[in-house]
Amino acid sequence: MIAFTDIVGMDLAKQALMLLAVDPSLCGVVIPSAVGSGKSTLARAFADILPEGTPFVDLPLNVTEDRLIGGVDLEATLATGLRVVQHGVLSKAHKGVLYVDSLSLLDSSAVSHIMDAMSRGAVIVEREGLSEVHPADFMLVGTYDPSDGEVRMGLLDRVGIIVPFATQNDYRARKKIVSTVLGERNSEDTQDELRMLRGLIEAARVQLPNVSMTKEQIKGLIQTAISLGVEGNRVDIFSIRCAIASAALAQRTEVDDEDLKLAVKLVLVPRATRMPEREAAEEEMQGPDEPPPPEETEAEDEEAPADTPDADAEEEQEETPDMIEELMMEAMETELPDNILNISLASKKKAKSGSRGEALNNRRGRFVRAQEGEMKSGKVALIPTLISAAPWQATRKEEKRKKGIKTGALIINKEDVKIKKFRDKSGTLFIFMVDASGSMALNRMRQAKGAVASLLQNAYVHRDQVALISFRGKSAQVLLPPSQSVDRAKRELDVLPTGGGTPLASALFTGWETAKLARTKGISQIMFVMITDGRGNIPLQASYEPNAEKAPKEELEKEIEAIALSIQADGVASIVIDTQMNYLSRGEAPKLAQKLGGRYFYLPNAKAEQIVEAALS
Amino acid sequence: MTQTVKAAKKTSSSKAAAPAKAAAPAKAKAAAPSKAKATAPAKVTATPEAKKASSKKKSAMAFPFTAIVGQEEMKLSLILNIIDPRIGGVLVMGHRGTGKSTTVRALAEVLPLIPRVKDDIYNRTVEQYVEAESGKKGTPAINPEEVKTEMIPVPVVDLPLGATEDRVCGTIDIEKALTSGVKAFEPGLLAQSNRGFLYIDEVNLLDDHLVDVLLDVAASGKNVVEREGISIRHPARFVLVGSGNPEEGELRPQLLDRFGLHARIITINDVAKRVEIVKRRREYDEDPESYVKKVTRDQQKLQKKIVAAQDLLPQVTMDDKVLTDIARLCMNLGIDGHRGELTITRTAHAYAAYLGKTTVTMAHVKEVAGLCLRHRLRKDPLETVDAGEKIERELAKVLGEGEAAA
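All values derive from a computational prediction rather than experimental measurement. (Residues numbered from 1 in each chain as written. Chains lettered and ligands numbered in written order. Predicted model: local features only at pLDDT ≥ 70, side-chain atom pairs only at ≥ 80, totals over all residues.)

This part covers the overall build of chain A. Looking only at helices and strands, chain A features 24 helices and 18 strands. Here the analysis covers contacts within chain A between residues at least 6 apart in sequence; of these, 78% occur between residues at least 24 apart. (Helix = DSSP H or I, 4+ residues; strand = E, 2+ residues; numbered from the N terminus. Contact = placed C-beta atoms within 7 Å.)

The structure is reproduced here in structure tokens:
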């Protein structure tokens, strides 16, 4: 185990953890970082700088709901005949640290429970006959690799500090890491350093209540949050606590500019939804530096004009292209003759959609009900088992006694056993891949948007999710990561750039990556919905090497074929929707469908509903 | 449930050295060991009696309702539902970190007291109790006058996402079944929430089978339990309060339709207001008890105002013309069914009563129309006009028409 003080680099992450140690009401630190950066080593070493005996719970990614929030203790209950409670992982982390490695891979129900516990400081257990409240007031320390996907915003919102993403340490630092791993460090030095650091944090904790902050400083942080477009008001408290903890760590009684900057860096910037103009940002940061104006009202007057033109400019910038896009889309729609070559898919509609995501199974998903079954075939549902055994206890004991057999508190026979049935609640993930290149892009985009929206309208029924990837220029881009939210889709798909080359290979690759990631989160059924004419002209290489824009046709085809076949072999279902207006120049899209092992639809003027029907048929 | 964070039975036992939470004594307070629990056996669940006792104990530490800055839509929706529970609850959707759950959890403190049959697990009124129990299975008739009653605060029950169906609906009391062979019913959260509020945070993430249960019970006002050899039906009428962030997922339309009101909540971008929020929060965090004490008068004032509105409600009347306008508004907005009209009518009555008025006018309707109708408009993802604006536009038209006709 490498000690906190022996870890080289990642200074900001270290600083963040120290601030959390000083003020646990910052609620947590999330560290996004690439593989091999040592983030998990650092997070685990966090225990070094906490007071001795502070719980440190490592949450396994495959944690079950029972283990997470607590439930009935099987063994003890059987032994005593009384209902015995087993505390969950969340309550075991009470007054300590809950550590999650690969936070973005944690399944969504576990994330919900963590969020709920963090908002109450407790876990409410209302399951299997239990009704309890267990205190669970913990600090969440999470690390993840952003290439594994993002962490749910709701969870990040409850964590005070998000360390800005850093990819690599510099060469020298890395060399030192290696030497540390090889054990060159003197363990006595390490112990001394740790002791010093703990002392520093202890002193900072004592200092914490004595640190003061001016109203102007508070205002400065709030204004920065607003200009960065940070959602919610909870962040204000976090940024203030962060600044105060930083001052306390420096043994100061007043918050200074450095503390404010650190709070902006660690609390606000990582949550920004927009970047303010450079001058505007600096102005706001400098706000607190200026001599405080004598009257509060004056201060507000002074700040107002600085804010207003900024906001206006923003609105103009955002709305104009949006309006143009809307107009163009409408224009395109009227230009296309209705019903030309339309294929009605209504007759092909199958009842298949109703059955998706409904299957009960013995292991995965959400516990739904208990059924009779073999003990080995699944997880035993204790309470139902006990209930079916209860009426027979007197007679069974009597029988055993007659036979002279000693019995425990309870006699459970095989036929009493009930096992849990789970519902795997994940439905299908539809990954839309939309060709945003060339002149038909806007029309395709509009169709795709409509189809995404329409699918999401019904998503709650099957727990379906939708993702959208657009491809144009040199590479594909995930515009909408897997989501169930109409609102989110609406927001993310608002403005879409179009035109340029057709990086089909990159699209397939990106889609496949998205699919693989979704698999790790328990989504098993994945369908690609490709809206394209199938004519790729940009090699995959171009997505990471800007100069590699051209490649011979055969090579491009080979590349696409290789990826498409792998996707097919991986069990991903596909459909290809050909929107090519010129009937005669078809040919590429059917080939693509064939390589993907998917179906092909020729829908030059497809309505959103038709695309949805095609996807569900 | 909300206000009763049970004391830790095993407060980090040997590992006593917990980090000092200087700025969050609220949470720390809730978790602090209390004398009552210190002697309880380490892990075994409390007996039903003990459970009841502890759930009655009210911790006054929730952030006070009246100290919440802004978010008037949500606060008004909740208050109107206290005044008239038939409005059908409220769905609060909006940005993260804007105080949704804080506000709902603060509600308990301003709720008035209601009478119930003493120790009744279903919080029944004397009438309900007599109707259900009198003459049951050959037991003698009960004289309503002999039934003892007690005053309890309107219950606010928290339904956590991880709840299992047996705890929601109630099930056989397993301990009694095992130890004495008696089939006793152990009531669930639905029983506890009868005549009170049932709150679901992250309601859009609630499991489908629990949504089914809720829809069923909300429609009938009764909970019917037929399982494990017991057969129980009990009243379960509650005000459903849900909150969530629309970006986390959609709500099932049937459930959406169940909510009387839909309050929207967004990030406050007014610096002065946010400074005030921070100020109050910090003051509260420093010393919750004295902060709560400081605003007691505001809380009592609000409670009194609510009770006065409840008393006034039966006398509130509405002109037929106003009703016609409401119907026209709903028609113009293309709202299916009559739940829209009904909700506006009830909500406007409650709103008038809250303002101390005995006649509902279109001005009252105007204030509540958005709350009542927002979620009933057909949702078109490609629509750029906000539902609220649409309602306002139609409202203006209806009002214009009304004036022209007059």
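Once that is clear, we can look at the overall build of chain B. When helices and strands are counted, chain B shows 18 helices and 13 strands. Looking at the 406 residues of chain B, the share that counts as buried comes to 47%. Counted over contacts in chain B with a minimum sequence separation of 6, partners at least 24 positions apart contribute 76%. (Buried ≥ 20, exposed ≤ 12 C-beta atoms within 10 Å, placed from the backbone.)

As a further point, take the domain arrangement of chain B. All names here are of chain B. Segmentation of chain B into domains returns domain 1 (64-112 + 154-265) and domain 2 (316-405). The straight-line distance from the C-alpha centre of domain 1 to that of domain 2 is 26 Å. With 18 residues of domain 1 in contact, the opposing surface of domain 2 contributes 13 residues. For the side of domain 1 that touches domain 2, the elements supplying multiple residues, two or more each, are α4 (72-83), α11 (253-258) and β11 (261-265). Counting residues per element, the side of domain 1 that touches domain 2 draws most heavily on α4, which supplies 5 residues. Its residues assigned to classes, the side of domain 1 that touches domain 2 comprises 9 nonpolar, 4 polar and 5 charged. (Domains from an automatic or database assignment. Nonpolar A, V, L, I, M, F, W, Y, C, P; charged D, E, K, R; others polar.)

Residue and element names in this part refer to chain A. The topology assignment puts Ala 43 in helix α2 (residues 39-45). Separated by 39 residues in sequence, Ala 43 and Phe 4 place their C-alpha atoms 8.6 Å apart. If sequence neighbours within four positions are ignored, Ala 43 has contacts with Ile 31, Tyr 99, Val 141 and Thr 143.

Before going further, it helps to examine unusual backbone geometry. Residues and elements named next belong to chain B. Located in the positive-phi region is Arg 195, a residue other than glycine, with phi close to 70°. Here Arg 195 shows up in the loop between α9 (189-192) and β7 (196-201). Within the chain, Glu 202 stands out as a residue other than glycine whose phi angle is a positive 55°. Tracing the backbone through its elements, the reader meets Glu 202 in the loop between β7 and α10 (208-220).

All right, on to the nonpolar core then. Residues A:Leu19, A:Val22, A:Val29, A:Leu90, A:Ile161, A:Cys242 and A:Ala263 are the most contacted members of the largest nonpolar core, which totals 108 residues. Per element, the largest residue contribution to this core is 11 residues, and it comes from helix α11 (residues 234-249) of chain A. With sequence-adjacent residues up to four places away left out, A:Leu19 is seen in contact with A:Leu26, A:Ile161, A:Cys242, A:Ala245, A:Ser246 and A:Leu249. Judged by nonpolar contacts, the second largest core, of 79 residues, contains B:Val90, B:Ala352, B:Val365 and B:Val368. (Core = buried A, V, L, I, M, F, W, Y, C linked by C-beta atoms within 7 Å.)

Turning our attention to the environment of B:Leu111. Residue and element names in this part refer to chain B. By secondary structure assignment, the location of Leu 111 is in the loop between α5 (100-106) and β2 (113-117). Accessibility expressed as a C-beta count within 10 Å gives 18 for Leu 111, which makes it partly exposed. Counting along the chain gives 225 residues from Leu 111 to Asp 336, while the straight-line C-alpha distance between them is 33 Å.

Attention shifts here to the sheet that holds strand β1 (residues 90-94) of chain B. Residues and elements named next belong to chain B. If you walk across this open sheet you meet the 5 strands as β4-β7-β10-β1-β11, and the pairing is parallel. This sheet does not close on itself; its edge strands, each paired only once, are β4 (156-158) and β11. Direction aside, the axes of adjacent strands within the sheet are offset by 20° on average. Relative to β7, β4 runs parallel, the two sharing 3 bridges. (Pairing = 2+ DSSP bridges. Axes fitted to C-alpha atoms, helices over the stretch in contact; angles between N-to-C directions.)

Below, the discussion takes up the packing of helix α21 (residues 504-520) of chain A against helix α22 (residues 553-569) of chain A. Residues and elements named next belong to chain A. Interhelical geometry of α21 versus α22 gives an angle of 20° and a closest axis separation of 9 Å. It follows that α21 is roughly parallel to α22 by the angle criterion. Considering only the axes of α21 and α22, their crossing is left-handed. Note on element contacts: α22 touches α21 through Glu 559, Ile 560, Ile 563, Ala 564 and Ile 567, opposite Leu 504, Ala 505, Leu 508, Phe 509 and Trp 512. (Parallel < 35°, antiparallel > 145°, perpendicular 65-115°, else oblique. Left-handed = near helix turned anticlockwise from the far one by under 90°.)

All names here are of chain A. Read across the open sheet, the 5 strands follow the order β2-β5-β8-β1-β9; overall the sheet is parallel. Looking along the sheet, the strands with just one partner apiece sit at the ends: β2 (56-59) and β9 (161-162). As paired strands, β2 and strand β5 (residues 97-101) are joined by 4 bridges and run parallel to one another. Bridge pairing links Val 57 to Leu 98 in β5.

Okay, the confidence of the model for chain A next. Interpreting fine coordinate detail is not advised for predicted regions of low pLDDT. Residues and elements named next belong to chain A. Within chain A, residue pLDDT values average 75, and 73% of them lie at 70 or more. Averaged pLDDT values over the elements of chain A bottom out at 32 in helix α15 (residues 352-355) and peak at 95 in helix α5 (residues 89-92). Of the regions scoring below 50 in pLDDT, residues 277-359 engages in 65 contacts with residues more than four places distant in sequence or in other chains. (pLDDT = per-residue confidence, 0-100.)

Residue and element names in this part refer to chain A. The interhelical angle for the contact between helix α1 (residues 11-22) and α11, taken along N-to-C directions, is 90°, at an axis separation of 9 Å. Relative to α11, the element α1 lies roughly perpendicular. Touching Met 18, Leu 19 and Val 22 of α1 are Cys 242, Ala 245, Ser 246, Ala 248 and Leu 249, all from α11. Here the contact of α1 with α11 is composed, by residue class, of 7 nonpolar, 1 polar and no charged.

Residue and element names in this part refer to chain B. Along the polypeptide, Lys 273 turns up in helix α12 (residues 271-286). Distance in space between the C-alpha atoms of Lys 273 and Val 69 is 7.1 Å, their sequence separation being 204 residues. Setting aside chain neighbours within four positions, we find Lys 273 in contact with Val 69, Gly 70 and Ile 268.

Residues and elements named next belong to chain B. Among the 6 residues of β7, 6 are classified as buried, and the element is accordingly described as predominantly covered. Bridge analysis of β7 against strand β10 (residues 238-244) gives 6 bridges, and the strand direction is parallel. When the bridges of β10 are listed, Leu 198 appears paired with Leu 240.

Residues and elements named next belong to chain B. Of all residues in chain B, 80% attain a pLDDT of 70 or more, and the chain-wide mean is 80. Counting contacts from residues 1-60, a segment whose pLDDT is below 50, to residues more than four positions away or on other chains yields 99 contacts. For this predicted complex, the interface score ipTM comes out at 0.76, alongside a pTM of 0.70.

Further remarks concern α11(A). Residues and elements named next belong to chain A. End to end, α11 covers 23 Å across 16 residues, agreeing with the expected 22 Å (1.5 Å per residue, within 8%). In terms of burial, α11 is a largely internal element, 16 of the 16 residues being buried. Looking one or two residues past α11, Gln 251 carries a phi angle of roughly 60°, positive in sign. (Expected span 1.5 Å × (residues − 1).)

A few words now on the pairing of strand β8 (residues 139-144) of chain A. Residues and elements named next belong to chain A. Burial runs high along β8: 6 of the 6 residues are buried. Along β8, one buried face is formed by Met 139, Val 141 and Thr 143 and the opposite face, lined by Leu 140, Gly 142 and Tyr 144, is buried too. Across 5 bridges, the pairing between strand β1 (residues 28-32) and β8 is parallel. Within β8, the position partnered with Val 30 by the bridge is Gly 142. Bridge count between β5 and β8: 5 bridges; the pairing is parallel. Along β8, the bridge assignment pairs Leu 98 with Leu 140.

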